[in-house]
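Working through the structure, step by step
Chain by chain, the residues run as shown.
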Protein chains: 2
Amino acid sequence: MTGSGMSTALLTDHYELTMVAAALAAGTADRRCVFETFARRLPAGRRYGVVGGTARAIEAISRFTFGEDELRELADRDVVDAATLDWLAGYRFTGEVDGYPEGELYFPGSPLFTVRGTFAEAVLLETLVLSVLNHDSAIVSAGARMVSAANGRPIIEMGGRRTHEQAAVSSARAAYLAGFATTSNLEAGRTYAIPTAGTCAHAFILLHDSERAAFAAQVQALGTGTTLLVDTYDITAGIETAIEVAGPELGAIRIDSGDVGVLARQARAQLDSLGARNTRIVVSGDLDEYAIAALRAEPVDAYGVGTSLVTGSGSPTAGMVYKLVEVEGRPVAKRSSHKESRAGRKSALRRHKPTGTAMEEVVYVVADGEPEAGEHDRSLVVPLMRGGQPVEGLATLEESRRRVRDGLVSLPWEGLKLSQGEPAIPTVYR
Amino acid sequence: MTGSGMSTALLTDHYELTMVAAALAAGTADRRCVFETFARRLPAGRRYGVVGGTARAIEAISRFTFGEDELRELADRDVVDAATLDWLAGYRFTGEVDGYPEGELYFPGSPLFTVRGTFAEAVLLETLVLSVLNHDSAIVSAGARMVSAANGRPIIEMGGRRTHEQAAVSSARAAYLAGFATTSNLEAGRTYAIPTAGTCAHAFILLHDSERAAFAAQVQALGTGTTLLVDTYDITAGIETAIEVAGPELGAIRIDSGDVGVLARQARAQLDSLGARNTRIVVSGDLDEYAIAALRAEPVDAYGVGTSLVTGSGSPTAGMVYKLVEVEGRPVAKRSSHKESRAGRKSALRRHKPTGTAMEEVVYVVADGEPEAGEHDRSLVVPLMRGGQPVEGLATLEESRRRVRDGLVSLPWEGLKLSQGEPAIPTVYR
């Protein structure tokens, strides 16, 4: 269980509560507000971002209620006054959320999760919404680059051990969203119905009296379709033993160390010479999108990716912010040096060439009216919550996964380059 | 709630279960094993690591049991066979754990969490133990560098919005362990009894008809001891208004943008000229250990740190591994190219100069006997679990926090340099 059913109301910052207290006392808590979630920029050098976590954020908002435990904690700590505690006891988000569907590409300024409601009800959600979207978007954005680099070969997510135990579950979900084939994480399998996979670690080989005994035990229990880990002692000897034990119908071998490109070539030749032409080669061991791309010409059948996925391959957070852009219909924005924001509730459309290639992200203030949309342009913002409830027909994980795939296809070719560069399409403010 | 009471048994990798299944079938599951958790190296350029998460890992192991839901999931997915499901139904860790107390410094090879038990019971814990230790150690290690750079000035942790919502809670705990003064995270306050803090964001200022009205509302609700955020419009005007509204007894101002060093100096002069000599200056906005160190000469009273803390300041995972080192008393280790490990159950002591300065980390195989320890040397490994239960008198969070502080004092002075370098003390294998 990752906590479904439990209150998420304390997964937030102290100051969200003190702001509510002060606004209630001042009589300003009920002003109608619009908060916009967006990234000021993409992580350094990245050419696109992928929205991740939308469904998780909506679900977490639904559980954002203050039960007795939460109220007692706030009272005991003197976080807010009694009047505010009373207000919180009745709290339930009743507002509207509009945004990009999960799996959509985003660029600097894209209004990807916009919350409308009273100040008090909307400000309370800031920290939770950002935590979910910043984490999941960072992971799916990194994962999409890996999927793109793998060029159709399957990737197995196996990074749970390199990140927080609950972040691991969400990372597995984000990896699947990005297009990974399977995950090692069993809780992600349970919570999100994602296919899980895994066979054996070096410890299993070392446990047994010989590599041969270990392979025999594994084949006995898991069948000849299993994946045997052949690099505990000597890879060539390991492969020979593997085929002797399992026969040429062995499902796969895995190589987890060394120069996996060279080793994969040698392994393929050896397997073929042993008649194991259908035995696949899985490689793992500190792979990232660059290593995957470098292996494109090698006889590799699948990749196992861990650390680089769950750490966002150098960009562990998407850096999104949640900014107040309208109060009672009046556009507002911070005006001092740095970190300026653009006032007013916004929406967006993406312009495309007739070929379907994306050209620009047009971000516009809703009050100014929608810009003229051409035949190949596409509105990006959809309703996500109405009256505090998720809208009917929210995208499933599978649908969002297809959206990622379609989005990558729509990028201009420079957008898929792994090297550092500018965003694949410019953001144009109208 | 962060999930106390819930089963942690699926927060693991598929292959841990298939290995148990194969070992049960082969009759090797009951072999006595020793698994050692260590880091092959510190994150690039880091001079020390700090062990974080020990208490959380022990608590998570206590909840590693397979209830009906978990067993049904494994059966439905065909992860393991019926005999293994039966075995899992009765699973409870009954072995021993020895390791470094939480908050202790560690270096490459330090045996910081060693699990002894049968193969099956110990291998199952690999993923969960690594998730917890890799995450928390990454955060506390980064946090300790920030505390060291702050040189006694308090740091407020406010990074929850930049990491997974549950990782945020553990990050707040790790920051407190590192020596941070407070956190913004309310769930961390509840779960770990850590002091929480927070007052106001720019949204609160923008909500009101004027900055003056916002300040008045905040002071009215939170008192003159509060912290007013003065950089929404114009900082000089903001400070003037703040003191007009709150009087010279205003607790603090916060500056969240711009060149905070220059701004802090100007703000201090202005506050002093307004008679607000005791009004403190809090700065925040993308601070990391380097920015904190650069502000040492400026009139800053406290730092707010977010993103850099929760992302481990460039090293979001500690990269620890959990390796089988002994089977039935026989030392074992992977022997192929790369990623070699040292066989045999190990312990460690740290040698110090008579002044108390650490000199070297001595890692030795227990079976070879303990090296002679001088008067100033210190054994590092303590019992953590016995017979599957946490030992009595495990360190509290406050005790572990003092241990971090004492550890930093014991480092040779080069060890506290923020620049990239070698580990502060060498690891010597005996």
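Preceding block: the structure.
Quick summary incoming for the structure in this document. Please read these numbers as outputs of a predicted model, since none were measured by experiment. (Residues numbered from 1 in each chain as written. Chains lettered and ligands numbered in written order. Predicted model: local features only at pLDDT ≥ 70, side-chain atom pairs only at ≥ 80, totals over all residues. Heavy atoms only, no water.)

Across its full length, chain A carries 15 helices and 19 strands. Across its three principal axes, chain A shows a C-alpha extent of roughly 80 × 55 × 40 Å. In chain A, which comprises 430 residues, the proportion classed as buried is 63%. Restricting to contacts in chain A with at least 6 residues of sequence separation, those with at least 24 account for 74%. (Helix = DSSP H or I, 4+ residues; strand = E, 2+ residues; numbered from the N terminus. Buried < 20%, exposed > 50% of the residue type's maximum accessible area, 1.4 Å probe, protein only. Contact = heavy atoms within 4.5 Å.)

This paragraph deals with helix α4 (residues 82–89) of chain B. All names here are of chain B. Residues of α4 that are buried include every one of Thr 84, Leu 85 and Leu 88, and no others. Along the long axis of α4, the arc covered by the buried residues comes to 105 degrees, so they all point the same way. Among the exposed residues of α4, those pointing more than 90 degrees away from its buried face are Ala 82, Ala 83 and Asp 86. Elements that come into contact with the buried residues of α4 comprise α1 (14–26) and α3 (68–76). (Arc of directions from axis to C-beta.)

With that settled, consider the pattern of salt bridges. Enumeration according to the criterion identifies 58 salt bridges over all chains in this entry. Across the pair Arg173(A) and Glu102(A) runs a salt bridge, and its minimum N-O distance is 2.8 Å. Within this pair, whereas Arg173(A) is found in helix α7 (residues 165–178), its partner Glu102(A) is found in the loop between β3 (96–99) and β4 (105–106), the two being separated by 71 residues in sequence. We note that Arg173(A), like Glu102(A), is buried. A salt bridge links Asp136(B) to Arg56(B); the nearest nitrogen and oxygen atoms lie 2.8 Å apart. In this pair, Asp136(B) sits in helix α6 (residues 126–150) while Arg56(B) sits in helix α2 (residues 54–62), placing the two residues 80 residues apart along the sequence. Through salt bridges that share partners, Asp13(A), Glu16(A), Glu126(A) and Arg161(B) make up one connected network. (Salt bridge = Lys/Arg side-chain N within 4 Å of Asp/Glu carboxyl O.)

Our next topic: helix α12 (residues 260–273) of chain A. All names here are of chain A. The end-to-end C-alpha separation of α12 is 19 Å, in line with the 20 Å expected for 14 residues at 1.5 Å each. Among all positions of α12, only Val 260, Gly 261, Leu 263, Ala 264, Ala 267, Arg 268, Gln 270 and Leu 271 are buried. Its buried side turned inward, α12 meets α11 (235–246), β9 (252–255) and β10 (280–283). (Expected span 1.5 Å × (residues − 1).)

Before going further, it helps to spend a moment on the relation of the copies chain B and chain A. One chain copy maps onto the other through a rotation about an axis and a shift parallel to that axis. With an RMSD of 0.0 Å, the operation that places chain B on chain A is a rotation of 180 degrees combined with a shift of 0.0 Å along the axis. When the rotation and shift are considered jointly, the pair of chain copies conforms to a two-fold rotation axis. Interface overlap between copies: 100% of the residues of chain B at the interface are likewise at the interface in chain A, consistent with a symmetric, same-surface contact. (Least-squares fit on C-alpha atoms with pLDDT ≥ 70 in both.)

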